[in-house]
Each structure stands twice: as C-alpha cells, then as structure tokens.
Amino acid sequence: MPRQIFQLKVSLADVVPPVWRRVLVPGGYTLDRMHRVVQLAMGWQDCHLHSFDIEGVQYGEPDPDGELALRDELDVRLDAVAAKGGRFLYTYDFGDWWEHEITVEDVFGAEPDERYPACVGGERACPPEDVGGAFGYARFLSAISDPGHPEHEGMVEWVGRPFDPTDFAMDRATTLLRRLA
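Keep in mind it's a predicted model, so treat the numbers as computed, not measured.

> Tell me what's going on with the layout of surface pockets, and back it up with residues and numbers.
The volume enclosed by the largest pocket comes to roughly 540 Å³. Lining the largest pocket are 24 residues, and of these Met42, Gly43, Trp44, Cys126 and Arg172 lie nearest its centre. Secondary structure elements with two or more residues in the lining of the largest pocket: helix H1 (31–42), helix H4 (152–159) and helix H5 (170–178). For the lining of the largest pocket, the element with the highest residue contribution is H1, accounting for four residues. Partitioning the lining of the largest pocket into residue classes produces 15 nonpolar, three polar and six charged.

Rendered as structure tokens:
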C-alpha cells in the first residue's frame, strides 16, 4: 500500500488579509514533525511554545514542571488523529497566541517520483515574531505602510529588515521542508 499523503491547508486565524499555506505531508509524521512542518512552511522561527488541539485533546512537548497537561506529540501520528475533511488547531506562542486552523483537504497515495513534505501553495508573509498577535500585526501593518503614521519609524526600526506583507516564496518553503524528510 502506498504511503498516505495528507494535503493540509494551514491558515492563521484572525489575520486579514489571510496568511495561509498548503502542504503535502506523510500521514506517518508524528505531531512533533507536524510542528516543524508548520514552522517552516509559515516562516516562524520556533522561538516559543506550541500545542495542537485535536478533538479537544491537547498535544505538545511534555512540560517538565507538569504545569501544562499535554499529551506527548512524539507519540502521536498525523494519520491516527486526522482524516479527510477534518480540522484541528495548532497554537504557537502562548503570549501572542497565533492560532492556526489546519484543514485536511485530501488524503491520497504518495506519488512514487515525488518527495514529501512539500509546500504547494500559500499567500502572504508570515508575521514577525513577537509582533503582538493578530491585533499587534494589524497595528504593525498599518504603521509600516504609512510613513506619516506616528509609529512608522519605530516599527520599521523594530522589525530591522525590509518587510513586504505580500511576499511568500513557495519554493523556499519547500526547500526548508525537504530537510525534514
């Protein structure tokens, strides 16, 4: 039987215009690897804690202090908790609270000549780390797009690099994802 490939759409909640990615991921990936797929495809830098919420069950890295009651993401495979048409949440950075809605658009057999994982679609740049969640990102976009905005200079200096909110390099995302294989 060929390996199952999950076609997933990963969308940032509460961000307008939408920031999203479409990825092809082997069903045998653990949620730990799924975490890395989301990080690389979206453009995050993996600087913060994360969790998955799948049918009311929380998965993530075990908390050595026991404060977060998460099931170990290393013990759970994508194909054991997700199916075509299903949805689940991935939250990154519990301070900024970046919630990602993940939809299982399709499940199919792997193509013999294809390499997985892969990014096959997406739009818009990933927000900068520590920008303040969806509300802070909207404020940031408003400030950097208007040289007359009172926070323009401060935000441009804070981000420290040119930032184009429309920029998304699908080939780069796939190159980064292929390092997981």
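Still more ground to cover, so stick around.
> So what's going on with the sheet that holds strand S7 (residues 98–109)? Which residues, and what values?
Here we have eight strands laid out as an open sheet, ordered S5-S4-S3-S6-S7-S1-S2-S8, and mixed in their pairing. Single-partner strands in this sheet number two, and they are strand S5 (71–72) and strand S8 (118–123). Where strand S2 (residues 20–26) and S8 come together, five bridges link them in antiparallel fashion. Paired with arginine 21 across the strands is glycine 122, a residue of S8.

> Tell me what's going on with H4, and back it up with residues and numbers.
Looking only at H4, the buried set comprises His152, Met155 and Val159. Looking down the long axis of H4, one finds its buried residues gathered within 70° of arc, a one-sided arrangement. Away from the buried face of H4 by more than 90 degrees, exposed residues Glu153 and Glu157 are located.

> Kindly report on the pattern of salt bridges, identifying the contributing residues and their values.
A side chain with one charge can pair with a side chain of the opposite charge if their charged atoms come near. Here the structure, examined in full by the defined rule, presents five salt bridges. Notably, a salt bridge pairs aspartate 32 with arginine 36, separated by 2.8 Å at the nearest N-O pair. Residue aspartate 32 and its partner arginine 36 are located together in helix H1, separated by four residues, close to a single helical turn. The exposure class assigned to aspartate 32 is buried, which follows from its relative accessible area of 16%. A salt bridge links aspartate 106 to lysine 84; the nearest nitrogen and oxygen atoms lie 3.4 Å apart. With aspartate 106 in strand S7 and lysine 84 in the loop between helix H2 (78–81) and strand S6 (87–92), this residue pair connects regions lying 22 residues apart in the sequence. Given a relative accessible area of 24%, aspartate 106 falls into the partly exposed group.

> Describe the packing of helix H3 (residues 133–145) against H4, with residues and values.
Two elements in contact, H3 and H4, have axes whose closest approach is 8 Å; the angle formed by their N-to-C orientations is 110°. Of the possible angle classes, the one that applies to H3 and H4 is roughly perpendicular. Each of Arg139, Phe140, Ala143 and Ile144 in H3 lies in contact with H4, whose residues at this interface are His152, Met155, Val156, Trp158 and Val159.

> Can you break down the side chain of histidine 149 residue by residue, with the values?
Relative to the helices and strands, histidine 149 is located in the loop between H3 and H4. Here histidine 149 is in contact with Ser142 and Ala143, once residues within four sequence places are set aside.

Reading guide: rules and limits
Residues numbered from 1 in each chain as written. Predicted model: local features only at pLDDT ≥ 70, side-chain atom pairs only at ≥ 80, totals over all residues. Heavy atoms only, no water. 1 Å grid on protein atoms, 1.4 Å probe; cavity = no way out; pocket = protein on both sides within 12 Å on 5 of 7 lines; lining within 4 Å. Points joined across faces, edges and corners; volume = space filled by probe spheres on them. Helix = DSSP H or I, 4+ residues; strand = E, 2+ residues; numbered from the N terminus. Nonpolar A, V, L, I, M, F, W, Y, C, P; charged D, E, K, R; others polar. Pairing = 2+ DSSP bridges. Buried < 20%, exposed > 50% of the residue type's maximum accessible area, 1.4 Å probe, protein only. Arc of directions from axis to C-beta. Salt bridge = Lys/Arg side-chain N within 4 Å of Asp/Glu carboxyl O. Axes fitted to C-alpha atoms, helices over the stretch in contact; angles between N-to-C directions. Parallel < 35°, antiparallel > 145°, perpendicular 65-115°, else oblique. Contact = heavy atoms within 4.5 Å.

So yeah, pure geometry; function would need other evidence.
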